[in-house]
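Structure assessment
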Amino acid sequence: MRYTTPEVTEIRRQSSSEYIKAVHKKIAERNAGESEFLQATWEVFSSLKPVIEQHPEYIDHGILERLAEPERLIIFRVAWEDDEGKVHVNRGFRVQFNSTLGPYKGGLRFHPSLTSSVVKFLGFEQIFKNALTGLPIGGGKGGSDFDPKGKSDREIMRFCQSFMTELSRHIGPDIDVPAGDIGVGKREIGYMFGQYKRIRNAYEAGVVTGKNPDNGGSLVRKEATGYGTVYFVEEMLKGEGKTFAGSKVIVSGSGNVSIYAMEKAIEFGATVIACSDSEGYIYDPSGIDVETVKQLKEVERKRIYHYLESHPNARFGNDNTEIWTIPCDIALPCATQNEISRESAHALVDNGLKALGEGANMPCDEEAVRVLTNNGVLFAPAKAANAGGVAVSAMEMSQNSMRYSWTAEEVDEKLQTVMKSIYRSCIETAEQYGQPGNLIAGANIAGFKKVADAMIAYGLH
Ligand code: NDP
């Protein structure tokens, strides 16, 4: 089969890098103004020159063009009532990006900054991340511009129920399986699952992941993204004869990914000296006490500066860019996209940074990545480093299908196996395509090839 239009025929005469640029130009025209989505698509496409050169069949089959267009983008109204009886309207999103390898799979984000551009960037990334895990899951993402901060528990419940009332039409254990992301943890997942169950009159446990382990969730799902990031970075460090032990680490954020990245880094012998939330950062040179952070964030849902009440020697700063000016050996950005700019990357390099692992999705902007990699910093890209969360989500689906639960040790062991195998696949692919040691190229190419080959096998759609 050959995907041919006069333009493609013309493009085939050009070099593969011209072809990639031409396709991306069309994507930019079609998705004008969607800066995060265009940043994410370019980040992948810019790695693909060697693979397109070796496999012109990807041009014939229009793989790049098809990959960048979601199979489906659902946008819907979410009306809900606050505790005073006032009606509010938010916007809900679900992008079902690519189902080549399995049911759409990816988290839901509740944050006021959520737009279709952000949902599409996250969904696009998810396709390749999920492919890298080697598990049978396609790529999707969703959420709402709803701000959960300051809402009562009843308000959160009413919002989740209203959100799921519409979303339930589009998902299912073999169709699309959402999970958590920023602003969505096991409480929100519980309310959404309850509403789905009520609407369907069926206990389809595998329809969402990240459930409470007491109610159909997997053990170690909560810890999986943070632990997995540290497992991946440890593999990368080992490859260079280094380790977490004895190093100083900065972890941005203090949410689900950050807390368990801190916990595992400390377990591996590192000292975590700083973390943050959206209102500022704390610096504790003697080592952040992660149990205090857990209590503040998971139990009391308080701001991070309250840490100083029990740790008066720590410092608080309200300018989050300053966290990257603190000298450290390893940086784990685990908060949100584009939190590390060129300036922050320069500050990290000047202070002797050795390695960076992206726990968040796309936390380093394009220029920051260039500064870090040009200066010899070992770089673990998000779609490989933070794939542990979705890997354990897929394990939750398996346990739900079997109506059986693995122990925490069993899940953790499987998680380590997946992270090691992703690392190996990135390293080997980078080597095979002439870019030894480049984990960005390795992750992009390995994820892309897996999906592209299956898209060809399944025929044009
Ligand atoms: P959480 O909501 O649990 O935590 C997010 C943390 O980042 C909070 O401390 C939050 O502070 C902070 N934060 C959010 N937005 C901003 C901002 N604009 N500026 C500064 N800080 C901010 O989310 P997760 O830990 O689940 O997700 C964090 C990142 O990891 C995201 O990029 C997500 O896509 C990615 N990820 C998550 C996975 C998961 O399993 N949860 C899986 C793979 C990737 P505050 O509380 O003040 O808002």
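Here the structure is a predicted model, which is why all the values come from computation and not from measurement. (Residues numbered from 1 in each chain as written. Predicted model: local features only at pLDDT ≥ 70, side-chain atom pairs only at ≥ 80, totals over all residues. Heavy atoms only, no water.)

1. Looking at the overall build of the protein
Along the backbone of the protein there are 19 helices and twelve strands. The C-alpha atoms of the protein give 21 Å as radius of gyration, which agrees with the globular expectation for 461 residues (23 Å, within 12%). Across its three principal axes, the protein shows a C-alpha extent of roughly 65 × 55 × 40 Å. Buried residues in the protein amount to 57% of all 461 residues. The long-range share in the protein, meaning contacts at least 24 apart out of those at least 6 apart in sequence, stands at 71%. Working note: accessible area of the protein is about 18,600 Å², and carbon and sulfur atoms make up 48% of it. Charged side chains of the protein number 52 positive and 61 negative; the gap between the two group centres comes to 4 Å. (Helix = DSSP H or I, 4+ residues; strand = E, 2+ residues; numbered from the N terminus. Rg over C-alpha atoms; globule rule 2.2 N^0.38 Å. Buried < 20%, exposed > 50% of the residue type's maximum accessible area, 1.4 Å probe, protein only. Contact = heavy atoms within 4.5 Å. Areas by Shrake-Rupley, 256 points an atom, 1.4 Å probe, with all protein chains shown as cover. Lys, Arg positive; Asp, Glu negative; His and termini not counted. Charge placed at Lys NZ, Arg CZ, Asp CG, Glu CD.)

2. Let's talk about the state of the cysteines
Following the criterion strictly, the structure yields zero disulfides and no others. Free cysteine Cys-275: the closest other cysteine sulfur is in Cys-334, separated by 10 Å. For Cys-275, a relative accessible area of 0% gives the class buried. (Disulfide = S-S within 2.5 Å.)

3. Some remarks on the environment of Val-78
Take Val-78: it is sitting in strand E1 (residues 72–81). Put simply, Val-78 and Glu-291 are 213 residues apart on the chain and 36 Å apart in space, counted from C-alpha to C-alpha. Those residues in contact with Val-78 that sit more than four places away from it in its chain are His-88, Val-89, Asn-90, Arg-91, Gly-92, Phe-159, Ser-162 and Phe-163.

4. Side note on the site of the ligand
Taken together, 25 residues sit near the ligand, with Asp-181, Thr-225, Ser-278, Arg-303 and Asn-361 positioned nearest. At 2.4 Å from an oxygen atom of the ligand is found a side-chain nitrogen or oxygen belonging to Arg-303. Contact between the ligand and Asn-361: an oxygen atom at 2.8 Å from a side-chain N or O atom of the residue. Considered on its own, the ligand offers 890 Å² of accessible surface; in the complex 84% of this is hidden by protein. Breaking the shell around the ligand down by element, the ones donating at least two residues are helix H10 (221–239), helix H11 (256–267) and strand E7 (271–277). For the shell around the ligand, the per-class residue count stands at five nonpolar, 14 polar and six charged. Per-domain counts for the shell around the ligand show at least three residues from each of domain 2 (72–203) and domain 3 (223–385). (Near = heavy atom within 4 Å. Polar contact = N/O pair within 3.5 Å; in protein donor to acceptor, adjacent residues only side chain to side chain. Nonpolar A, V, L, I, M, F, W, Y, C, P; charged D, E, K, R; others polar. Domains from an automatic or database assignment.)

5. Some thoughts on the packing of helix H3 (residues 35–45) against helix H7 (residues 116–133)
Across the interface, H3 lies against H7 with an axial gap of 6 Å and an inter-helix angle of 25 degrees. Considered as vectors, H3 and H7 are oriented roughly parallel to each other. Counting all contacts with H3, which are made through Ser-35, Glu-36, Phe-37, Ala-40, Thr-41, Glu-43, Val-44 and Phe-45, the residues of H7 involved are Ser-117, Val-118, Lys-120, Phe-121, Phe-124, Glu-125 and Phe-128. Class assignment for the residues of the contact of H3 with H7 results in eight nonpolar, three polar and four charged. (Axes fitted to C-alpha atoms, helices over the stretch in contact; angles between N-to-C directions. Parallel < 35°, antiparallel > 145°, perpendicular 65-115°, else oblique.)

6. So, the layout of surface pockets
As a volume, the second largest pocket reaches approximately 520 Å³. Looking at the lining of the second largest pocket, the elements with two or more residues in it are H3, helix H4 (49–54), helix H15 (366–374), helix H16 (382–385) and helix H19 (439–457). No other element matches the four residues that H15 contributes to the lining of the second largest pocket. Here the lining of the second largest pocket is built from residues that sort into ten nonpolar, six polar and eight charged. Three or more residues apiece are contributed to the lining of the second largest pocket by two domains, here domain 1 (6–68) and domain 3 (223–385). (1 Å grid on protein atoms, 1.4 Å probe; cavity = no way out; pocket = protein on both sides within 12 Å on 5 of 7 lines; lining within 4 Å. Points joined across faces, edges and corners; volume = space filled by probe spheres on them.)

7. Considering unusual backbone geometry
Positive phi is not limited to glycine here, since Val-220 has a value of about 70 degrees. Looking at the element boundaries, Val-220 is found in the loop between helix H9 (186–200) and H10. Of note in this structure, Asn-338 is not a glycine but carries a positive phi near 55 degrees. With respect to the helices, strands and loops of the structure, Asn-338 is situated in the loop between strand E10 (330–332) and helix H14 (342–350). Accessibility expressed as a relative area gives 32% for Asn-338, which makes it partly exposed.

8. Quick notes on the packing of helix H17 (residues 388–402) against helix H18 (residues 408–432)
With their axes 10 Å apart at the nearest point, H17 and H18 run at an angle of 130 degrees to one another. Classed by the angle they form, the pair H17 and H18 counts as oblique. Pair H17 / H18 crosses with right-handed handedness. Between H17 and H18, the contacting residues are Gly-388, Ala-391, Val-392, Met-395 and Gln-399 on the first element and Val-411, Lys-414, Leu-415, Val-418 and Met-419 on the second. For the contact of H17 with H18, the class distribution of residues is seven nonpolar, two polar and one charged. (Left-handed = near helix turned anticlockwise from the far one by under 90°.)

9. What about the sheet that holds strand E12 (residues 378–380)?
Taking strand neighbours across the sheet as the criterion, the seven strands line up as E9-E8-E7-E6-E10-E11-E12 in an open arrangement whose pairing is mixed. What marks the edges here is a single partner per strand, and that holds for strand E9 (315–317) and E12. The sheet shows a mean angle of 15 degrees between the axes of neighbouring strands, direction not considered. Pairing of strand E6 (residues 248–251) with E7 involves three bridges; the strand directions are parallel. By the bridge assignment for E7, Val-249 is matched with Val-272. (Pairing = 2+ DSSP bridges.)

10. A look at the packing of aromatic side chains
The tally for this structure, following the rule as stated, stands at 21 aromatic pairs. Seen from their ring centres, Trp-80 and Phe-159 are 6.2 Å apart, and the 90 degrees between their planes marks the pair as edge-to-face. One end of the pair, Trp-80, is in strand E1; the other, Phe-159, is in helix H8 (residues 153–167), with 79 residues separating them in the sequence. Taken together, the ring pairs connect Phe-76, Trp-80, Phe-110, Phe-146, Phe-159 and Phe-163 into an aromatic cluster. Over the ring of Tyr-227 we find Lys-264; its NZ or CZ atom is 4.3 Å from the centre of that ring. Sitting above the plane of the Trp-406 ring, Lys-414 keeps its charged end 4.5 Å from the centroid. (Phe/Tyr/Trp six-rings, centres within 6.5 Å; stacked < 30°, edge-to-face > 60°. Lys NZ or Arg CZ within 6 Å of the ring centre and 35° of its normal.)

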